[in-house]
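Structural description and commentary
Here are the chains, one letter per residue:
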Amino acid sequence: MTLTLTGWMLYSMWVVLGLMGLSFLLGLYKALKAGSFSSALILTYLQDMLYYVFPLFLISNMMSLDPTGFLLLVAYYIGALGLVLKYLAQLKK
């Protein structure tokens, strides 16, 4: 199987990874400004990549197994929307 991020799936992944990177940079800035930098900041985002982004890639790779063509697509977009809302709420704090 190959990675099949096409069309809006690719744009939604860019938004998710962009917000994730922005959240990381903001957290890094706050930690450095407060003088409380630790490796937990980096490990948190690596864990988020494993728990949230990797399943989106798995869903996109399973698209060829979906006979309807839209069930996994809807699951992908719901997952991406959930991540966008998670990181927007995190940036708001």
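These remarks concern the structure in this document. No experiment lies behind these values; they were computed from the predicted model shown. (Residues numbered from 1 in each chain as written. Predicted model: local features only at pLDDT ≥ 70, side-chain atom pairs only at ≥ 80, totals over all residues. Heavy atoms only, no water.)

**What about helix α1 (residues 8-34)?**
Here is the rule we go by: Each helix is a run of DSSP H or I of at least 4 residues and each strand a run of E of at least 2, with the numbering of both proceeding from the N terminus. The length a helix should cover is 1.5 Å for every residue beyond the first. Here's how the labels work: a residue is buried when its accessible area is under 20% of the maximum for its type, exposed when over 50%, partly exposed in between, all with a 1.4 Å probe on protein chains only. By definition, residues are in contact when any of their heavy atoms lie within 4.5 Å.
If you check α1, its first and last C-alpha atoms are 39 Å apart, about what 27 residues at 1.5 Å a residue would give, namely 39 Å. Of the residues making up α1, those classed as buried are Met9, Ser12, Met13, Val16, Leu19, Met20, Ser23, Gly27 and Ala31. Looking at the buried positions of α1, the neighbouring elements they touch are α2 (39-61) and α3 (71-92). Of the residues one or two after α1, Gly35 is the one with positive phi, at around 75°.

**A few points about the packing of α2 against α3**
We apply this condition: For helices, the fitted line uses only the C-alpha atoms of the stretch in contact; every axis is such a line through C-alpha atoms, and the angle between N-to-C directions lies from 0 to 180 degrees. Small angles under 35 degrees read as roughly parallel and large ones over 145 as roughly antiparallel, with 65 to 115 read as roughly perpendicular and the rest as oblique. Whether a crossing is left-handed or right-handed is set by the direction in which the near helix is turned from the far one by less than a right angle, anticlockwise for left-handed and clockwise for right-handed.
Here α2 crosses α3 at 160°, and the two axes come no closer than 8 Å. As judged from the angle between their axes, α2 and α3 are roughly antiparallel. As α2 packs across α3, the resulting crossing turns out to be left-handed. Counting all contacts with α2, which are made through Tyr45, Asp48, Tyr52, Leu56, Ile59 and Ser60, the residues of α3 involved are Leu72, Ala75, Tyr76, Gly79, Ala80, Leu83, Lys86, Tyr87 and Gln90.

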